[in-house]
Amino acid sequence: MTVLVRRLLVLPPALLAASVLVFALPRLTGADTVRTVLRTRTADAVPDPAMQSRVAAEFGLDGSAAEQYLRWLAAAVRGDLGLSFVTRTPVAAQVGEALLVSMLLAVLALLLALLFGIPAGVYAGRRPGGLLDRVVTGAGIVGVSVPEFVIAPVLVLVFAVQAAAVPAIGWGTPAHLVLPVVTLAVYPAALATQLIRAETVAVLRRPHVRTARAKGLPPGWVLWRHGARLATTSVLSLSGMFVAALIGGSVVVEVIFGIPGLGRLLYDAVLAQDLPVIQAGTLTVIAIALIAGVLSEAAQLALDPVAR
Amino acid sequence: MFSPARLRLTAAAALLLVLSACSGGASPTASSANGEITVAMQFPPRSAYAFDADDGALLMTLGVAETLTTVDANAQPTAGLATAWEKTSDPKTWRFTLRQGVTFHDGTPLTPDAVVTALTYITGVTAPPRSVRDTGLTVKADGADAVTISTAQPDPTLPLRMSSGNLGILAPSAYVAGKQPTVLRTATGPYVLTSISGADSAVLERNETYWGTKPATGKVTVRYVTDPQSRALALQSGDVQFAEGLPHASVEQVKAAGAEVVSYPAARTVELLLNQSAKPFSDLKVRQAVTAAIDRNVLATQVLGGAAASAADLFGPAVPWGVKTPPPAADPATAKRLLAEAGHSSLTVRLWTFPNRPEMPVLATAVQSMLGEAGIKVEVTVGDYSAQEPKVLAGDFDMFLNSRSYLSDFADAASVLTSDYTCKGSYNIDHFCSAEFDRLVAGLSTTSDVGARQKIFADAAAMLTEQAVGVMIVHPNNTAGSRGVTGFVPDPLGVRPVLPHLEPAG
């Protein structure tokens, strides 16, 4: 418990440090935000300086960088993340809506990954070197190696274009979830399979498993009660991190499938120099990763008596 | 440089292309059979459908919003929400007679006061769009069926200016002080915008009380799909019945799936700008040598595979005054001779461009090779446009490969000619300065006849060609595909409605 409290106490300063980075990084690129955004409004290649000053004031981009940061931080602490430079709508609502979409995708992808990865890893680890082990290990290596931008088009062409079984793009119905969730699930499923397989091989060699077998307990019982339970602990404790990584890394999937999630929101925001969205979106992803780290640690402590 | 995310997306696009070459396509879906269609549009609303942004033009394309005037195929102003217009005795004022029997989507009638509210709003925003900025535009009701529109100086283009997408007219209920006007059920067009899902999608329903020809399609779901390969696949799979901006390389696969694909010119030019504020391009002969060394026909047909037309002039086939004939083939011998006459046996120059448009790095490499044949060594740098712009505007460059739309606001080229090529132009990258050219362009401020203006545009472009101000490389083409719908009418000018013409096939 003390460990967890210590971790929780680290969160506020870590978030504050992250906020400095998130604020500074887009500005270090040297891009002229006011000019970029003004182009979308006036279709003018070179806006006049007076207008630039007016718009800079409207955006809160006047004054020194430190002043701008403190203004932004004070507003953020009050829950006001500002207005998008581009859409002129509240950033908090935009990020919130997009986050829900990405969370749904990530959680479903993780569930699918565990649903496949746990039994595949456990059964592969039961007989190392066997046919099933070789097949699962080979598939795992492929799954870890093949990136999403390869998997997504293959799935679209097979299941949307050829079979016409599910939509190719879009969002709004359960059918729209199928291809993106499967695409996102491949990597964590393959990773989970490999981790669980390795853990299962190690756990099944431990003395307590040998004792259980010697007592004449059924093989299935020994495998799942004494072996797989321990083997899956580490993977389950990593699930929180998986979700955080999936949310932050779903840009490609969300753009290819036209999904209004956080990854696509951030991608568009970076292209448009929409600083409030970049700041709020990135900070949200960082916060999720930090919180997921603490939760993962809590899960590990709860599941693994040795760690406690 | 490419970001990792963009690299991954580019790789995905390439893979899609390869895979789709190996596939046919699903049978068309029945979604168009009941009078409903789904379309994939290339550009999402960038600013929540704000009229002071490019989104006004998007609302026109969708068939939601309308302006006082529109344009015909010859880029002449024609009736929109106004049926007639005339100059008053005051040369700075025009009188527009409003169309009778028009109602907004909220049921209220189109009145002179409604027009005053709409146009007054757009002139008063923090950053007024270029179509009205610095014009001193004011609007007044004039009787029960007309408005008068005045500008600080006589404006010969006012009827044409009124066709700009920025100047759509919404119902008075749309305008609430301090807020962006709402576009849901407040416009006048053939489609009613009934719901919006951010920059992801929107739903349009037929305006049953529309003053003109009603669309054949009852309901349109608009999906904004920014990835070009995803748009092509959506058309192939039958998810959408119409998609604009198809990648040229996937056209054959889309056709194989049963779609009809139309390629049409865009009002855009890829131009190789040459810095005339410094050597070596301050010398006309060197600029002419560069022009002679580049084979624009090869660049269009072979390097870009027909995704663009070779450019003989600043203006291309998208506009009535553009040159339709191809440019001459390359002549390396003449290029070498001109270089020698200019005192150069060899030359090393820098060429900058940016990757935001995928054809730019490809063209830069091909141009580098062609100029190499003529003895001009080119060092190509592909970088971020935002970082390059201050340097090129300051004249700290040799060659800059740029892509420029020459009709930013409405079907008139005065703006681009002034900003890009006059001595005091705000976007005069190549630092071309000619009193004769400036005089010619200045004549536009007193020329109201559209035909006469178009003649000046053509003459100005010819002067730029003669002076080898830059090398106009290609005019990119737009593409659009339909499957299960008919009636698509290309709009190279980008100011007229597209979706209302689409109707379910059969």
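Look a little higher up for the structure.
Residues numbered from 1 in each chain as written. Chains lettered and ligands numbered in written order. Predicted model: local features only at pLDDT ≥ 70, side-chain atom pairs only at ≥ 80, totals over all residues. Heavy atoms only, no water.

Glancing now at the layout of surface pockets. All names here are of chain B. Computed from the structure, the second largest pocket encloses a volume of approximately 920 Å³. Lining the second largest pocket are 35 residues, with Thr135, Arg161, Ala414, Ser415 and Thr418 sitting closest to its centre. Residue assignment for the lining of the second largest pocket shows that the elements contributing at least two residues are strand 17 (399-405), helix 12 (414-421) and helix 13 (435-442). With five residues, helix 12 is the largest single contributor of residues to the lining of the second largest pocket. Classifying every residue of the lining of the second largest pocket by side-chain character gives 10 nonpolar, 14 polar and 11 charged. (1 Å grid on protein atoms, 1.4 Å probe; cavity = no way out; pocket = protein on both sides within 12 Å on 5 of 7 lines; lining within 4 Å. Points joined across faces, edges and corners; volume = space filled by probe spheres on them. Helix = DSSP H or I, 4+ residues; strand = E, 2+ residues; numbered from the N terminus. Nonpolar A, V, L, I, M, F, W, Y, C, P; charged D, E, K, R; others polar.)

This brings us to helix 8 (residues 296-303) of chain B. Residue and element names in this part refer to chain B. Every buried residue of helix 8 is listed here: Arg296, Leu299 and Ala300. Axial view of helix 8: buried residues confined to an arc of 90°, hence all on one face. Opposite the buried face of helix 8, at more than 90 degrees from it, the exposed residues are Thr301 and Gln302. Check the buried side of helix 8 and you find it contacts helix 7 (284-293), strand 14 (308-310), helix 10 (359-373) and strand 18 (470-482). A distance of 3.3 Å separates the backbone nitrogen of asparagine 297 from a side-chain oxygen at the start of helix 8, and that oxygen is part of aspartate 295. (Buried < 20%, exposed > 50% of the residue type's maximum accessible area, 1.4 Å probe, protein only. Arc of directions from axis to C-beta. Contact = heavy atoms within 4.5 Å. Polar contact = N/O pair within 3.5 Å; in protein donor to acceptor, adjacent residues only side chain to side chain.)

With that settled, consider the nonpolar core. Core analysis: the largest hydrophobic core is formed by 82 residues, its most contacted members being A:Val156, A:Phe257 and A:Leu262. Ranked by residues supplied to this core, first place goes to helix 5 (residues 91-126) of chain A with 12 residues. Beyond its immediate sequence surroundings of up to four residues, A:Val156 is in contact with A:Val161, A:Ala168, A:Leu179, A:Phe257 and B:Leu233. If you look at the next biggest cluster of nonpolar residues, it comprises 55 residues, including B:Ile122, B:Ile149, B:Met162 and B:Leu193. (Core = buried A, V, L, I, M, F, W, Y, C linked by side-chain atoms within 4.5 Å.)

This next bit is on the state of the cysteines. Residue and element names in this part refer to chain B. By the definition in use, this model includes one disulfide over all chains. The disulfide that involves cysteine 423 links it to cysteine 433, with 1.9 Å between the sulfurs. Because the torsion about its S-S bond is 100°, the bridge between cysteine 423 and cysteine 433 counts as right-handed. Placement of cysteine 423 in the loop between helix 12 and helix 13 and of cysteine 433 in the loop between helix 12 and helix 13 is noted, with a sequence separation of 10 residues between them. (Disulfide = S-S within 2.5 Å.)

The next subject is the packing of aromatic side chains. Residues and elements named next belong to chain B. Counted according to the given criterion, the structure contains 17 aromatic pairs over all chains. On the numbers, 5.1 Å between centres and 80° between planes, the contact of phenylalanine 315 with tyrosine 406 is edge-to-face. Here phenylalanine 315 is found in the loop between strand 14 and helix 9 (332-341), whereas its partner tyrosine 406 is found in the loop between strand 17 and helix 12, with 91 residues between them in sequence. Judged on exposure class, the residue phenylalanine 315 and its partner tyrosine 406 are both buried. (Phe/Tyr/Trp six-rings, centres within 6.5 Å; stacked < 30°, edge-to-face > 60°.)

What follows covers the pairing of strand 15 (residues 347-353) of chain B. Consecutive side chains of a regular strand alternate in pointing toward one face of the sheet and then the other. Residues and elements named next belong to chain B. By the criterion of burial, strand 15 is predominantly enclosed, with five of the seven residues buried. Both strand 15 and strand 16 (residues 376-382) contribute to a ladder of seven bridges, which runs parallel. Opposite leucine 347, over in strand 16, you have isoleucine 376 as the bridge partner. Each parallel crossover has a hand, and the one from strand 15 via helix 10 to strand 16 is right-handed. In the sheet, strand 15 pairs with strand 17 via two bridges, with the strands oriented parallel. Bridging across to strand 17, leucine 351 finds its partner in methionine 399. (Pairing = 2+ DSSP bridges. Right-handed = clockwise from strand over helix to strand, strands pointing away.)

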